[in-house]
Amino acid sequence: MSFQQVTLSLAAGFLENCRLFFETLLFSIPLGLIISFGSMSKFKPLSYLVKVFVWCIRGTPLMLQLFVVFYVPGLVFGVPMRDRMMAALIAFVINYSCYFSEIFRGGIESIPKGQYEAGQVLGLTKSQIFFKIILLQVTKRIVPPMSNEIITLVKDTSLARVIAVGEILLAAERFAGKGIIWPLFYTGAYFLIFCGGLTLLFGFIEKKLSYFKA
Amino acid sequence: MPVLEVKNIKKSFGKTDVLKGISFSLEKGEVLSIIGSSGSGKTTLLRCLNFLETADEGTICVNGKEIFDSVSHKNLTENEIRDNRLHFGLVFQSFNLFPQYSVLKNITLAPTLLKRGTPEEIEEEAKGLIERVGLSDKTENYPCQLSGGQQQRVAIARALALKPDILCFDEPTSALDPELTGEVLRVVRDLANENRTMIVVTHEMEFAKSVSDKVIFMADGVIEEYGTPQEVFLNPKSPKTRSFLKKDIETNAE
């Protein structure tokens, strides 16, 4: 088995990791924002419900959630989940939007009341205040915790292996099954390079937002 | 007709009665100073006028039009409340500039969102205001690059940009170093000389004495003394006013 063959085969697997990563981000960031609004709602039953949900999701392993999403529809409702990638995506989106929601909530609640009041006395609407005044300040504050969480997500995508999504670790294990063990360690390089890129990106964003203090 | 008429404003937080029936009126072009010790309800009164707090009882009329009535207030739509509050402008103790925007953008943001003119007109006007508060060389700076006094002057320009009928100041110099209060008070004084209607909550007694047409001394949620600066400062009737002013003189003498 040549080095080039292994590289290509692992790259094909890592493409699945990347797909899961980007799609999870695409859906879990907006959903996380909605969940954070739910948990900050003044309507107590809603905020209570949302908080219990977040507790359940953050309080159980992501691996278990993958099993639940993949097996429960078939076992309980008789409609088996055929698309493994879809099952993984659903589990990841739910899991990560809960984590993100807590980061968003912390960020939003950390903005001083005076910023809202300044917007109010200037006659702005609630949504103008949020989108024109609060959002960028929140963004600046949550870049460090978000970068942490997003880098964790890169590596978590390999958990999809437990429901046999053809991601990079599964690809490497196929080689291991044939007695070639080194591709398994080689997968680390893919993650390292990808996370390296992300680290640079977040550093860049942080720098871009350093022109103001908030 | 008075530009502002406040009748019997009451406000309590839980079991604490902060305002116990405040009534006063203000003529166009007058400057009213509200003095009193901390916790007397000065700031809460100002916040009620700006609808940052909702008074439990009372009415507020601007130019003869009732803009607040505790009974019907909750029936108003958010749009109506927003229109009503624009009769007032408020300058905060802690400036509350928007940190991510330049000085110019801080001032143009609200007029732009409220569609108060074309972008060119709004910018033109904002630049005029910046010049008036003496910060023409800081137009493109961000709040974090300004001193407290400069930030407060930007906040004043920002409030002026919406052309409020009545401009309110909530202890505009209390968060400033002593050497920076002068530049802010000078701007407020200039505005007073232009016959702008203003309400200033302040701890600067000398300033209140020299700039105001009327002075209210508040104590324990009521207007303890009301009159011209001469009446309140030189010839106070209430013993509470006398002891407050005496304490102030003693503190300043130290």
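Starting afresh in each chain, residues are numbered from 1 along the sequence in its written order. Each chain gets a letter, beginning with A, and each ligand a number, beginning with 1, in the order they are written. This being a predicted model, a pLDDT of at least 70 is required before a residue's local features are given, and a value of 80 or more before pairs of side-chain atoms are given or counted; all residues contribute to the totals for chains, interfaces and linings.

On to the overall build of chain A. For helices the rule is a DSSP run of H or I covering at least 4 residues; for strands it is a run of E covering at least 2, with both sets numbered from the N terminus onward. Looking only at helices and strands, one finds 8 helices and 0 strands in chain A. Mapped from its N terminus to its C terminus, chain A presents α and β elements in the order α-α-α-α-α-α-α-α. Taking the principal axes of the C-alpha coordinates as reference, chain A spans close to 70 × 45 × 20 Å. Buried, partly exposed and exposed are defined by the number of other C-beta atoms within 10 Å of a residue's own C-beta, namely 20 or more, between the two limits, and 12 or fewer respectively, with C-beta atoms placed from the backbone. Every one of the 214 residues in chain A was classed for burial, and the buried ones make up 29%. The contact criterion used is a C-beta to C-beta distance within 7 Å, with each C-beta placed from the backbone. By sequence separation, contacts in chain A at least 24 residues apart represent 73% of the contacts at least 6 residues apart.

What follows deals with the sheet that holds strand S5 (residues 65-69) of chain B. Residue and element names in this part refer to chain B. Reading across the sheet, the 4 strands line up as S2-S1-S4-S5 and stay open at both edges, with antiparallel pairing between neighbours. Taken across any chain shown, the strands that pair with only one partner, and hence form the sheet edges, are strand S2 (16-26) and S5. Taking the axes of each pair of neighbouring strands and ignoring which way they run, one obtains an average angle of 20° across the sheet. Pairing between strands is defined by DSSP: at least two bridges between the two strands are required. One ladder, built from 5 bridges, connects strand S1 (residues 4-13) with strand S4 (residues 57-62); its direction is antiparallel. Bridge pairing in S4 links Lys10 to Glu57. Between the N-to-C directions of two axes lies an angle of 0 to 180 degrees, each axis being a line fitted to C-alpha atoms and, for a helix, fitted only over the stretch in contact.

Here we take up helix H1 (residues 3-39) of chain A. Residues and elements named next belong to chain A. Take the residue count of a helix, subtract one, and multiply by 1.5 Å to get its expected span. In this model, H1 (37 residues) spans 50 Å end to end at C-alpha, consistent with the 54 Å of a helix rising 1.5 Å per residue. Largest kink in H1: about 30°, centred on Ser28, with the proline Pro30 one to four residues after it. Along H1, the positions that sit buried rather than exposed are Leu10, Gly13, Phe14, Glu16, Asn17, Leu20, Phe21, Thr24, Ser28, Gly32, Ile35 and Ser36. Bend, in this description, refers to the angle at a residue between axes fitted to the seven residues ending there and the seven starting there.

Moving on to the interface of chain A and chain B. Each partner contributes to the interface: chain A provides 18 residues, whereas chain B provides 20 residues. At the level of elements, helix H5 (113-121) and helix H6 (126-156) of chain A are the ones that each hand at least two residues to the side of chain A that touches chain B. Of all the elements, H5 of chain A adds the most residues to the side of chain A that touches chain B, at 6 residues. Taken together, the residues of the side of chain A that touches chain B sort by class into 9 nonpolar, 6 polar and 3 charged. Amino acids are sorted into nonpolar (Ala, Val, Leu, Ile, Met, Phe, Trp, Tyr, Cys and Pro), charged (Asp, Glu, Lys and Arg) and polar (every other residue, Gly among them).

This paragraph deals with the nonpolar core. Core analysis: the biggest nonpolar cluster contains 74 residues, and Ala157 and Cys168 of chain B have the highest contact counts within it. Per-element tally for this core: the top contributor is helix H5 (residues 148-160) of chain B, with 6 residues. Dropping the residues within four chain positions of it, Cys168 of chain B is found in contact with Leu46, Leu49, Asn50, Phe88, Gly89, Leu90 and Ile199 of chain B. In this structure, Val93, Tyr99, Phe104 and Leu153 of chain A belong to the second largest nonpolar core, which totals 27 residues. Nonpolar core, as used here: buried Ala, Val, Leu, Ile, Met, Phe, Trp, Tyr and Cys residues forming one set through C-beta atoms within 7 Å.

Residues and elements named next belong to chain B. Both strand S9 (residues 214-219) and strand S10 (residues 222-227) contribute to a ladder of 5 bridges, which runs antiparallel. Bridge pairing in S10 places Ile216 opposite Tyr226. In textbook terms, the turn of a hairpin is the stretch between consecutive antiparallel strands, and for S9 and S10 this stretch comprises 2 residues, one of which, Asp220, has a positive phi near 50°.

Inspection of the secondary structure assignment puts Ile168 of chain A in helix H7 (residues 168-177). Beyond its immediate stretch of four places on either side in the chain, Ile168 of chain A contacts Leu10, Gly13, Phe14, Asn17, Ser158, Thr187 and Tyr190 of chain A.

A word on the sheet that holds strand S6 (residues 88-91) of chain B. Residue and element names in this part refer to chain B. With respect to topology, 6 strands assemble into an open sheet ordered S6-S7-S8-S3-S9-S10, the strand pairing being mixed. Two strands bound the open sheet, and with one partner strand each, they are S6 and S10. Each strand axis lies, on average, 20° off the axis of its neighbour in the sheet, ignoring direction. Pairing between strand S3 (residues 31-35) and S9: 4 bridges, direction parallel. Residue Ile34 lies in a different strand from S9, and its bridge partner there is Ile216. Across the sheet, H5 lies against S6 and strand S7 (166-170), angled at about 170° from S6, the strand it touches most.

Unusually for a residue other than glycine, Asn8 of chain B sits at a positive phi of about 55°. Relative to the helices and strands, Asn8 of chain B resides in strand S1.

Attention now moves to the environment of Leu159 of chain A. Along the chain, Leu159 of chain A falls in the loop between H6 and H7. Among all residues touching Leu159 of chain A, those that are not within four sequence positions of it are Leu62, Met63 and Leu66 of chain A.

With that settled, consider the packing of H5 of chain A against H6 of chain A. Residue and element names in this part refer to chain A. Packing of H5 against H6 leaves a shortest axis separation of 10 Å and a crossing angle of 130°. By the criterion of interaxial angle, the relationship of H5 to H6 is oblique. Crossing angle aside, the handedness with which H5 passes H6 is right-handed. In contact with Gln115, Tyr116 and Gly119 of H5, H6 contributes Ile129, Ile133 and Ile134. Counted by class, the contact of H5 with H6 contains 4 nonpolar, 2 polar and no charged residues. Angular relationships are summarised with four words: roughly parallel below 35 degrees, roughly antiparallel beyond 145, roughly perpendicular across 65 to 115, and oblique for the angles in between. By definition, turning the near helix anticlockwise from the far helix through less than a right angle yields a left-handed crossing, and turning it clockwise yields a right-handed one.

Moving on, we get to the environment of Lys42 of chain A. Residues and elements named next belong to chain A. By the element assignment, Lys42 lies in the loop between H1 and helix H2 (44-58). Lys42 sits in the exposed class, given 6 other C-beta atoms within 10 Å. With 80 residues separating them in the primary sequence, Lys42 and Leu122 have C-alpha atoms 24 Å apart.

It is worth spelling out the pairing of S4 of chain B at this point. Residue and element names in this part refer to chain B. Only one face of S4 is buried: it carries Gly58, Ile60 and Val62, and the other face, with Glu57, Thr59 and Cys61, is open. For S4 and S5, the ladder comprises 4 bridges, and the chain directions are antiparallel. Residue Thr59 lies in a different strand from S5, and its bridge partner there is Asp69. Taking the residues that link successive antiparallel strands as the turn, the S4-S5 hairpin has 2 residues, and the phi of Asn63 there is positive, at about 50°.

Let us now look at the confidence of the model for chain B. Along the chain, pLDDT gives the predictor's confidence residue by residue, from 0 to 100. This prediction gives chain B a mean pLDDT of 92; 99% of its residues lie at or above 70. On the interface metric, ipTM, the complex scores 0.92, and its pTM is 0.87.

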